[in-house]
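Chain by chain, the residues:
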Amino acid sequence: MSEELVLLRDEPLSRHSTFHAGGRSDLLVVESGAALERLAVHGELPDDVSLVLGGGSNVLVSDDGVPGTVLKLRSRRASPGTELRRADDGNVWLDGAWDWPALALGATDAGWQGLESMVGIPGTVGGAVVQSIGAYGYELRDLVVAARAVDLSTGSVLELAPADIGFRYRNTDLKTQAPPRLVVTQVGLRLARGAQHTPRYDQVAAKLGGDGSMRATTYPPPEVARAVLQLRASKSMIYRADDPQTWGAGSFFKNPEIGPDQFAVLVEQLSVSPSEVPHWPIAPDVIRLSAGWLVERAGYRRGFRSGNVALCDNHALGIVNATGHASAAEIAGLAGEIRGAVWENAGVVLDPEPVLVGLELPDPRP
Ligand SMILES: Cc1cc2nc3c(=O)[nH]c(=O)nc-3n(C[C@H](O)[C@H](O)[C@H](O)COP(=O)(O)OP(=O)(O)OC[C@H]3O[C@@H](n4cnc5c(N)ncnc54)[C@H](O)[C@@H]3O)c2cc1C
């Protein structure tokens, strides 16, 4: 096989997941989106692909592994952000296999504006699109103008518009494909050059200006990126192979969205005033809640430990493999327990942000 692809038989998927858990499967690693396109066009891809992986930073795979072949798209290129150019269509094109944190920081330092809030998020460019990542008030979906994907069912290469990707909050139509069909190989972004950044989160503004009320001030993107990296590090939100506090998927649960009637019930059930519940109206009838607040309110505090699994010391939404010996079942077990407790306490169902493969959380509703 060429350097562009490696087939690993009976490979422990725990080596390819930031949870450090998951069973064995055959794994085909492809070095770039461009290489994947070539393989597809020449009919050289396996026809039994059952799972697509990028950096494995948002997937929890069962201890039994998965049948068929796992296709992993992952580049070894260390600094992919430093040589970006605007293409003839005005977009900046990224390879789906590139490392997202290296790309985001490299691009920011090279004078591109738009990615500085999203530095430090683990994974690949393709995974970032499929997960619809965002951080500190900025969302990747606002920058994506086009993408290319390999269709595993036909071997053809398709052009995708944002509507084909179906972006939602930490979700897309591509995230929920079972079995997988479209694999993102290239992504076209609309990035500005030389523009300034306006903080949308007080935490970021405070880190930059020392005064959280200074949101109106603008800052050079590289300065913002450093502030974001410091904030993320203080919450164990930067994956490190030597730090079990980061061996999870960042936030395990999405911030839930409910209607005003359910919000009124929640306030009554918790015997609190509305202002005591962290919440953000995001549409006329939709209120977003803080999953972390709900988890702590249900009695699960930072640092909570259950066998090999724990809640991160620095943020309550991080379910982590604290010893490195947790099984996927143990991790899903604690997640299910917390989900049940939040339902009992607040009448809200939390949905997982990572993709669960061969695992399910019990529905706490009667
Ligand atoms: C410490 C830590 C902090 C985090 N912080 C954040 C954060 O601040 N904000 C945030 O949004 N997320 C965060 N995450 C979650 C995660 O990093 C992102 O969701 C990331 O974009 C996942 O990318 P990945 O390449 O690792 O995808 P994977 O985990 O490998 O895959 C995720 C999903 O995408 C699919 N997929 C991956 N690549 C492709 C592709 N090329 N084509 C088609 N499908 C594909 C997979 O099949 C799966 O369904 C964090 C995770 C960790 C461990």
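None of the values given here were measured: they were computed from a predicted structure. (Residues numbered from 1 in each chain as written. Predicted model: local features only at pLDDT ≥ 70, side-chain atom pairs only at ≥ 80, totals over all residues. Heavy atoms only, no water.)

**Things to note about the overall build of the chain**
In step 1: Of the regular secondary structure elements, the chain holds 9 helices and 20 strands.
In step 2: Relative to its length of 366 residues, the chain is compact, with a C-alpha radius of gyration of 21 Å against a globular reference of 21 Å.
In step 3: On the principal axes, the C-alpha backbone points of the chain span a range of 65 × 50 × 40 Å.
In step 4: With 366 residues in all, the chain has 52% of them scored as buried.
In step 5: Per element, the accessible surface of the chain, about 15,900 Å² overall, is 50% carbon and sulfur.
In step 6: Of the charged side chains in the chain, 33 are positive and 44 negative, and the gap between their average positions amounts to 4 Å. (Helix = DSSP H or I, 4+ residues; strand = E, 2+ residues; numbered from the N terminus. Rg over C-alpha atoms; globule rule 2.2 N^0.38 Å. Buried < 20%, exposed > 50% of the residue type's maximum accessible area, 1.4 Å probe, protein only. Areas by Shrake-Rupley, 256 points an atom, 1.4 Å probe, with all protein chains shown as cover. Lys, Arg positive; Asp, Glu negative; His and termini not counted. Charge placed at Lys NZ, Arg CZ, Asp CG, Glu CD.)

**Description of the sheet that holds strand E11 (residues 156-160)**
In step 1: Spatially, E6-E12-E10-E11 is the arrangement adopted by the 4 strands of the open sheet, whose pairing is antiparallel. This sheet does not close on itself; its edge strands, each paired only once, are strand E6 (92-95) and E11. Neighbour to neighbour, the strand axes of the sheet diverge by 25° on average, direction disregarded.
In step 2: Pairing of strand E10 (residues 144-151) with strand E12 (residues 182-189), which is carried by 7 bridges, proceeds in the antiparallel orientation. Considered in E12, the bridge of Ala146 is made with Gly188.
In step 3: The strands touched by helix H1 (residues 33-41) within the sheet are E6, E10, E11 and E12, with E12 carrying the most contacts at an inclination of about 135°. (Pairing = 2+ DSSP bridges. Axes fitted to C-alpha atoms, helices over the stretch in contact; angles between N-to-C directions. Contact = heavy atoms within 4.5 Å.)

**Notes on the pattern of salt bridges**
In step 1: The full count for this structure, using the stated rule, is 19 salt bridges.
In step 2: Note that Glu4 is salt-bridged to Arg38, the shortest N-O span being 2.3 Å. In this pair, Glu4 sits in the segment before strand E1 (5-12) while Arg38 sits in helix H1, placing the two residues 34 residues apart along the sequence.
In step 3: A relative accessible area of 31% means that Glu4 is categorised as partly exposed.
In step 4: The class of Arg38 is partly exposed, set by a relative accessible area of 41%.
In step 5: Linking Arg365 and Asp363 is a salt bridge whose minimum nitrogen-to-oxygen distance equals 3.0 Å.
In step 6: On the basis of relative accessible area, Arg365 is assigned to the partly exposed category, the value being 44%.
In step 7: Exposure remark for Asp363: the relative accessible area of 45% places this residue in the partly exposed category.
In step 8: A cluster of three or more residues bridged by salt bridges with shared partners is formed by Glu37, Arg148 and Glu159. (Salt bridge = Lys/Arg side-chain N within 4 Å of Asp/Glu carboxyl O.)

**With respect to the site of the ligand**
In step 1: What surrounds the ligand is a group of 33 residues, the closest being Val52, Gly54, Ser57, Asn58 and Thr124.
In step 2: Backbone polar atom of Gly55 to an oxygen atom of the ligand: 2.9 Å apart, as the coordinates give it.
In step 3: Gly134 is positioned with one of its backbone polar atoms (N or O) 3.1 Å from a nitrogen atom of the ligand.
In step 4: Here the ligand has 970 Å² of accessible area as a free molecule, and 96% of this is covered by the chains. (Near = heavy atom within 4 Å. Polar contact = N/O pair within 3.5 Å; in protein donor to acceptor, adjacent residues only side chain to side chain.)

**Details of the side chain of Ser32**
In step 1: Within the secondary structure, Ser32 sits in the loop between strand E2 (24-30) and H1.
In step 2: Judged by its relative accessible area of 16%, Ser32 is buried.
In step 3: At 2.9 Å, the side chain of Ser32 and the backbone nitrogen of Ala35 are in polar contact.

**Things to note about helix H2 (residues 100-109)**
In step 1: By the criterion of burial, H2 is predominantly enclosed, with 7 of the 10 residues buried.
In step 2: Regarding H2, the residues found buried are Trp100, Ala102, Leu103, Ala104, Gly106, Ala107 and Thr108.
In step 3: In this structure, the buried side of H2 is in contact with E6, strand E7 (112-113), helix H3 (125-131) and helix H6 (221-234).
In step 4: N-capping of H2 is provided by Asp99, with a side-chain oxygen placed 3.0 Å from the backbone N of Ala102.
In step 5: Positioned one or two residues after H2, Gly111 has a phi angle of 100°, which is positive.

**Observations concerning the pairing of strand E16 (residues 286-289)**
In step 1: With 2 bridges connecting them, strand E14 (residues 257-258) and E16 associate as antiparallel partners. Looking across to E16, one finds that Ile258 is bridged to Ile287.
In step 2: Of the strand pairs in this sheet, strand E15 (residues 279-283) and E16 are connected by 4 bridges, and their pairing is antiparallel. By the bridge assignment, His279 is partnered in E16 with Leu289.

**Regarding helix H9 (residues 328-346)**
In step 1: An ideal rise of 1.5 Å per residue puts 27 Å on 19 residues; H9 measures up with 27 Å between its terminal C-alpha atoms.
In step 2: Of the residues making up H9, those classed as buried are Ala328, Ile331, Ala332, Leu334, Ala335, Gly336, Ile338, Arg339, Ala341, Val342 and Ala346.
In step 3: Close packing links the buried residues of H9 with strand E4 (59-61), helix H7 (260-270), helix H8 (291-297), strand E17 (305-306), strand E18 (309-311) and strand E19 (319-321).
In step 4: Once H9 ends, the next one or two residues include Gly347, with phi positive near 70°. (Expected span 1.5 Å × (residues − 1).)

**Side note on the packing of helix H5 (residues 202-209) against H6**
In step 1: Across the interface, H5 lies against H6 with an axial gap of 9 Å and an inter-helix angle of 115°. With respect to H6, the axis of H5 lies roughly perpendicular. Crossing of H5 against H6: the hand is right-handed. Between H5 and H6, the contacting residues are Gln203, Val204, Lys207 and Leu208 on the first element and Glu223, Val224, Ala227, Gln230 and Leu231 on the second. (Parallel < 35°, antiparallel > 145°, perpendicular 65-115°, else oblique. Left-handed = near helix turned anticlockwise from the far one by under 90°.)

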